[in-house]
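# Topology and contacts: notes
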Amino acid sequence: MEEDPSESERGIWKLSVDSSSCITGSGARLVLMIPDGWTLEYALRFKFKATNNEAEWEALIVGLTIVKHLEVQKIEASSDSQLVVGLANGEYQAREDPMAKYLSHFQSMKSAFKFLRILKVPRAENARADQLSKLATVEELEKNQTVLVDYLDKPTISKADVMDIDIPQEPNWMTPFINWLRNGM
């Protein structure tokens, strides 16, 4: 007989992020696993240059932005970036200006969640999880696995236009995704 998960572990959404940065461009893959078993995949191409660590931050921040706008309260995110996870968990200090800006942006998002845990996973495990998500069984496909693709025009830490902070709004690139999740999932 399986034990029931502890009360604090129930209802946790799982976010797995991975990124890539090379001469031909940068991008990220987000895999969001909802407690009822649905899996959503989101591919994001960057229209700007990003280092590997900047791309990993972008992936984490975009993933957290998505779940924040879905009003998710409990989230566990995993990444294979030792630097990003170490900064997010307060184990490292940001030494470069972009890393400090990403960390500040991340810190400002944390209060949106009742429970937020950031885990470091080995690259091999992250790569294997990515491969396994593509090798879905028929039963998993019946749960409507979906891949959405979008573009991010500028880094999330770029100076934003002034907006009314009393009316939270998702970024323009996210609107179709949020509407799809709210209306058609």
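What counts as what
Residues numbered from 1 in each chain as written. Predicted model: local features only at pLDDT ≥ 70, side-chain atom pairs only at ≥ 80, totals over all residues. Heavy atoms only, no water. Helix = DSSP H or I, 4+ residues; strand = E, 2+ residues; numbered from the N terminus. Contact = heavy atoms within 4.5 Å. Phe/Tyr/Trp six-rings, centres within 6.5 Å; stacked < 30°, edge-to-face > 60°. Buried < 20%, exposed > 50% of the residue type's maximum accessible area, 1.4 Å probe, protein only.

The name that an unreviewed UniProt entry assigns to the protein is RVT_3 domain-containing protein, with the source organism given as Cephalotus follicularis.

Right, let's talk about the environment of A77 for a bit. Along the polypeptide, A77 turns up in strand β4 (residues 74-79). For A77 and L116, which are 39 residues apart along the polypeptide, the C-alpha to C-alpha distance reads 7.7 Å. Those residues within four positions of A77 in sequence are excluded, and the remaining contacts are L15, L60, R117, I118 and L119.

The subject of this paragraph is the packing of aromatic side chains. Enumeration over the complete set of coordinates arrives at three aromatic pairs. Ring geometry for W57 against Y102: centres 6.2 Å apart, planes inclined by 5°, an arrangement best described as stacked. Here the residue W57 occupies a position in helix α1 (residues 52-69), and Y102 occupies one in helix α3 (residues 97-109), the gap between them amounting to 45 residues. One exposure class covers both W57 and Y102, and it is buried. Aromatic side chains W57 and F106 sit 5.8 Å apart centroid to centroid with 50° between the ring planes, which places their arrangement in the tilted category. Residue W57 is located in helix α1, and its partner F106 is located in helix α3; the two are separated by 49 residues in the primary sequence. Like F106, W57 is buried.

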